[in-house]
Amino acid sequence: LSVIDAAEPSVDAFLEVSRDQALEQADALDKRIAAGDTEGLPELAGVPIAIKDMIVTRGIPTTAASKILEGWVPPYDATVVEKLKAAGMPILGKTNLDEFAQGSSTEHSAFKPTRNPWDTGRVPGGSGGGSASAVGAFEAPLALGTDTGGSIRQPSALTGTVGVKPTYGGVSRYGAIAMASSLDQIGPVSRSVLDAALLQEVIGGYDKRDSTSIPKPVPPLAQAAREGAKMDLKGMKVGLVKELSGDGYQPGVEARFNEGVKLLQDMGAEVVEVSCPHFSYALAAYYIIMPSEVSSNLARYDGMRYGLRVMPGEGVEQTAANMMAATREAGFGDEVKRRIILGIYALSAGYYDAWYGSAQKVRTLIIRDFEQAFQKADVLVSPASPTTAFKFGERMSDPLSMYLSDVATIPANMAGSPAMSIPAGLSDDGLPVGFQFFAPQMRDEVMYKPAAALE
Ligand code: GLN
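Residues numbered from 1 in each chain as written. Predicted model: local features only at pLDDT ≥ 70, side-chain atom pairs only at ≥ 80, totals over all residues.

Enquirer: Residues and numbers for the site of the ligand, please.
Expert: The immediate surroundings of the ligand are formed by 14 residues, with Ala-101, Ser-104, Thr-148, Gly-149 and Ser-151 found nearest. Across the shell around the ligand, the residue classes break down as three nonpolar, nine polar and two charged. (Near = placed C-beta within 6 Å. Nonpolar A, V, L, I, M, F, W, Y, C, P; charged D, E, K, R; others polar.)

Enquirer: Any details on the UniProt feature "active site" (unreviewed entry) in the protein? Residues and values, ideally.
Expert: As annotated by UniProt and renumbered to match this structure, "active site" (unreviewed entry) occupies Lys-52, Ser-127 and Ser-151. Of the residues just listed, which span 100 residues, no C-alpha pair is farther apart than 10.6 Å, and they cluster in one region. Residue placement: Lys-52 occurs in strand E2 (residues 49-52). Residue classification places Lys-52 among the buried residues on the basis of 33 C-beta atoms within 10 Å. If sequence neighbours within four positions are ignored, Lys-52 has contacts with Thr-95, Leu-97, Gly-128, Gly-130, Ser-131, Leu-144, Gly-145 and Thr-146. Its place among the elements puts Ser-151 in the loop between strand E4 (142-146) and helix H5 (153-159). For Ser-151, a count of 36 C-beta atoms within 10 Å translates into the label buried. Excluding residues within four positions of it along the chain, Ser-151 makes contact with Ala-101, Gly-126, Ser-127, Gly-128, Gly-145 and Thr-146. (UniProt positions renumbered as here; feature names shortened; annotations may be inferred. Helix = DSSP H or I, 4+ residues; strand = E, 2+ residues; numbered from the N terminus. Buried ≥ 20, exposed ≤ 12 C-beta atoms within 10 Å, placed from the backbone. Contact = placed C-beta atoms within 7 Å.)

Enquirer: How would you summarise the packing of helix H7 (residues 221-228) against helix H15 (residues 445-454) if you had to cite specific residues and measurements?
Expert: Two elements in contact, H7 and H15, have axes whose closest approach is 7 Å; the angle formed by their N-to-C orientations is 30°. As summarised for this structure, H7 and H15 are arranged roughly parallel, according to the angle between their axes. As H7 packs across H15, the resulting crossing turns out to be right-handed. Where H7 abuts H15, its residues Leu-221, Ala-224, Ala-225, Glu-227 and Gly-228 lie against Glu-445, Tyr-448, Lys-449, Pro-450, Ala-451, Ala-452 and Ala-453. Counted by class, the contact of H7 with H15 contains eight nonpolar, one polar and three charged residues. (Axes fitted to C-alpha atoms, helices over the stretch in contact; angles between N-to-C directions. Parallel < 35°, antiparallel > 145°, perpendicular 65-115°, else oblique. Left-handed = near helix turned anticlockwise from the far one by under 90°.)

Enquirer: Give a description of helix H11 (residues 334-347) that names residues and reports values.
Expert: End to end, H11 covers 20 Å across 14 residues, agreeing with the expected 20 Å (1.5 Å per residue, within 8%). Residues of H11 that are buried include every one of Val-336, Arg-339, Ile-340, Gly-343 and Ala-346, and no others. In an axial view of H11, the angular spread of the buried residues amounts to 135°, which keeps them on one side of the axis. In this structure, H11 carries Asp-334 and Ile-341 as exposed residues pointing more than 90 degrees from its buried face. Looking at the buried positions of H11, the neighbouring elements they touch are helix H9 (282-297) and helix H12 (353-376). (Expected span 1.5 Å × (residues − 1). Arc of directions from axis to C-beta.)

Enquirer: I'd like a description of the pairing of strand E9 (residues 379-383), backed by residues and values.
Expert: Most of E9 is tucked away: five of the five residues are buried. As paired strands, strand E7 (residues 237-241) and E9 are joined by three bridges and run parallel to one another. Within E9, the residue paired with Leu-240 across the bridge is Val-381. (Pairing = 2+ DSSP bridges.)

Enquirer: Give a description of the confidence of the model for the protein that names residues and reports values.
Expert: Summarising the model, the protein shows a mean pLDDT of 97, and 100% of its residues fall at 70 or more. Interface confidence for the predicted complex, expressed as ipTM, amounts to 0.97; the pTM equals 0.98. (pLDDT = per-residue confidence, 0-100.)

Enquirer: Tell me about the packing of helix H6 (residues 193-203) against H7, and name the residues and values.
Expert: Taken N-terminus to C-terminus, the directions of H6 and H7 make an angle of 165°; their axes are 8 Å apart at the nearest point. The angle between the axes of H6 and H7 places the two elements in the roughly antiparallel class. As for the relative orientation of H6 and H7, their crossing is left-handed in sense. Where H6 abuts H7, its residues Val-193, Leu-194, Ala-197, Leu-198, Gln-200 and Glu-201 lie against Leu-221, Ala-222, Ala-224, Ala-225 and Arg-226. Here the residues of the contact of H6 with H7 are counted per class, giving eight nonpolar, one polar and two charged.

Enquirer: Would you mind going over unusual backbone geometry in detail, with residue names and values included?
Expert: Excluding glycine, residues mostly carry a negative phi; peptide bonds, for their part, are mostly trans. The linkage connecting Gly-126 with the following residue, Ser-127, adopts the cis geometry, with an omega of 10°. With respect to the helices and strands, Ser-127 occurs in the loop between strand E3 (91-95) and helix H4 (129-136). Although it is not a glycine, Ala-64 adopts a positive phi angle of roughly 55°. By C-beta crowding, Ala-64 is classed as buried, having 32 other C-beta atoms within 10 Å.

Enquirer: Outline helix H8 (residues 251-266), supporting the account with residue identities and numerical values.
Expert: Side chains three or four residues apart in an α-helix point the same way, a direct result of the helix having 3.6 residues per turn. Here H8 contains 16 residues, and its C-alpha end-to-end distance of 22 Å stays within 8% of the 22 Å for a straight helix at 1.5 Å per residue. Looking at the packing, one finds that the buried side of H8 touches E7, strand E8 (270-274), E9, strand E10 (419-426), strand E11 (432-438) and H15. A positive backbone phi angle near 105° is found at Gly-268, which sits one or two residues after H8.

Enquirer: How would you summarise the environment of Lys-67 if you had to cite specific residues and measurements?
Expert: Topologically, Lys-67 is positioned in the loop between E2 and helix H3 (79-86). C-beta crowding within 10 Å serves as the criterion here: with 17 such atoms nearby, Lys-67 is assigned to the partly exposed category. Along the backbone, Lys-67 and Ser-109 are 42 residues apart, and their C-alpha atoms lie at a distance of 9.2 Å. Not counting the four nearest positions on each side in its chain, Lys-67 is found in contact with Ala-110, Leu-308 and Gly-331.

Here it is as structure tokens:
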């Protein structure tokens, strides 16, 4: 808490610090330990954690960094939060994000931008810039994020932290505010691969309250990370994804990435090139599917159920429809409105097949690309972000340049497969570079081993 006090004025990672609750939880754990009641406590018991404000926490305001939810205090905990509490992990507070997790820089937060601890004139990435900066600035040893198109991995790449998007369905989404439900996944942010593995083991597993949760146990992630720390990768095949390099990738990022590949080779891995031709269409298809789901999910913010309500006019003008329109006009920011409009258009009669239908077909082709690549290699690798951290304002006036921040991360969301970013040193501009690993669905442990070997 004292590190948070010292760092927050320059980093602004938190929207809310839940000081009292964190201290109460720590006290409760101390009492449990003093009473000898330690059964079932995991290795991470007592380690505090920050939570992206896209995940609901009972009694702690949850806003998704949107004015439309300002002042809303959830009456329940997300499944992952219940699990953290049961594990004796005190909750430090809620971290900043782009409004409703839509963005790649945290500049779309309705409340404030978060700064990158490596250079406070630069963005920490997004949407989970708050969680990544909190961990990068040593304000929290661990954090949770949500990753719909890269919102855990891209900020981790830009802040020199570890960020993991687990297999879709591997971690319960119950209590994660929905952005694009077929792509959203909760995952860890940490400073080491083993920490991420231990955290994913705490939050993962089947949950009957999430209909897309997979009824299988969490794979042995910490074991894989410990195995990887021995730095012996003999027998492992690493696939270099041809489409995720070249044009648009900063030379300093490619240089660090290539050195990482060389190190994997030095540890005994065999490196092969693989081609995933449909990855080139992933970004375009994502910007049809994601806004379609956003437009549907965000219909619930109607001024009736949560947070903000704006009542326009007088007398007969005060209809429910006018109230809804005025609330949404005042409560949503420009980027969120842009996506709702895009989504409604893509789903509308006469356009549905041409846009949404085609995008879903591309999604299937991306899944097949992954399946074929995993016949040639055990894990796939690429840079996690094509560039290092950019300056504030640099991509705000050009949404397409902002969207391009996620070219390398989106394919895994489209396929529902796991991926992670780990720090790979600094580019020539002195800023962190992220190295990405992809693994097959429900085989998250497969990426933890080489990741732990390389870090
Ligand atoms: N930056 C991407 C977007 O703006 C990803 C967001 C996310 O993963 N939540 O949609």
